[in-house]
Amino acid sequence: EAELAGLAPLFVVAGGAERLFDECAELVERAHQAGVQAELCVAADMPHNPPALAGFHANAAQAFARSGRFAAQLLAVGLLPTEQQAGAPQAIVG
C-alpha cells in the first residue's frame, strides 16, 4: 500500500515464468493509477531477473535492450537526470 505518486518513471522487467509476475504487474498498474509513467516488460518463458540472463537467452537479451531504450528515451527528453545533474560523486585520483 505504498504511496507511488511522484515516483520517477518505472520500467519493470518480469519473466513470464516468474513467481513474482503478478506482483510486478500489480506494481505497474498501481503506478499508472498514481499518475506515474510505468512500463511492464515481460520476457517470455524466463524466470526471475531476466536481464541477468541476457548473455544466455534471446528473450532475456530483448528485455535488457528494452530497458536501455526506456532509459535512453527518458534521458533524451530530460526526465532522468544526468550524472552531473544528480550530483554523482567525482572519482578521486591519486
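Our subject is the structure that appears above.
Described in the following lines is the structure provided in the data block. (Residues numbered from 1 in each chain as written. Predicted model: local features only at pLDDT ≥ 70, side-chain atom pairs only at ≥ 80, totals over all residues. Heavy atoms only, no water.)

## Side note on the packing of aromatic side chains
Here is step 1 of the chain: Taken as a whole and assessed by the stated rule, the structure comprises 1 aromatic pair.
Here is step 2 of the chain: For the ring pair Phe11 and Phe70, a centre distance of 5.0 Å and an interplane angle of 40 degrees mean the geometry is tilted. Here Phe11, found in strand β1 (residues 10-15), pairs with Phe70, found in helix α2 (residues 58-76); they are 59 residues apart in sequence, far enough to count as distant.
Here is step 3 of the chain: Judged by relative accessible area, which is 8%, Phe70 ranks as buried. (Phe/Tyr/Trp six-rings, centres within 6.5 Å; stacked < 30°, edge-to-face > 60°. Helix = DSSP H or I, 4+ residues; strand = E, 2+ residues; numbered from the N terminus. Buried < 20%, exposed > 50% of the residue type's maximum accessible area, 1.4 Å probe, protein only.)

## Describing helix α1 (residues 21-33)
Here is step 1 of the chain: Between its first and last C-alpha, α1 extends 19 Å over 13 residues, near the 18 Å set by a 1.5 Å rise per residue.
Here is step 2 of the chain: Buried residues of α1: Cys24, Val28 and Ala31, and no others. Buried residues along α1 cover an arc of 60 degrees about the axis, so they all sit on one side. Away from its buried face by more than 90 degrees, α1 exposes Asp22 and Gln33.
Here is step 3 of the chain: Buried positions along α1 lie against β1 and β2 (38-43).
Here is step 4 of the chain: Trailing α1 by a residue or two, Gly35 shows a phi angle of about 85 degrees, which is positive. (Expected span 1.5 Å × (residues − 1). Arc of directions from axis to C-beta. Contact = heavy atoms within 4.5 Å.)

## Let's talk about the pairing of β2
Here is step 1 of the chain: When β1 meets β2, the two strands line up parallel, connected through 6 bridges. Paired with Ala14 across the strands is Val42, a residue of β2. (Pairing = 2+ DSSP bridges.)

## Regarding α2
Along an α-helix, residues three or four positions apart point the same way, because every turn accommodates 3.6 residues.
Here is step 1 of the chain: The end-to-end C-alpha separation of α2 is 27 Å, in line with the 27 Å expected for 19 residues at 1.5 Å each.
Here is step 2 of the chain: Turning to α2, its buried residues are Ala60, Ala63, Phe70 and Leu74. Angular distribution of buried residues about the axis of α2 spans 75 degrees; they occupy a single face of the element. Turned more than 90 degrees off the buried face of α2, the exposed positions are Gln62, Gln73 and Ala76.
Here is step 3 of the chain: Those residues of α2 hidden inside the fold are in contact with β1 and β2.
Here is step 4 of the chain: After α2 finishes, the residue Gly78 shows a positive phi value of roughly 80 degrees.

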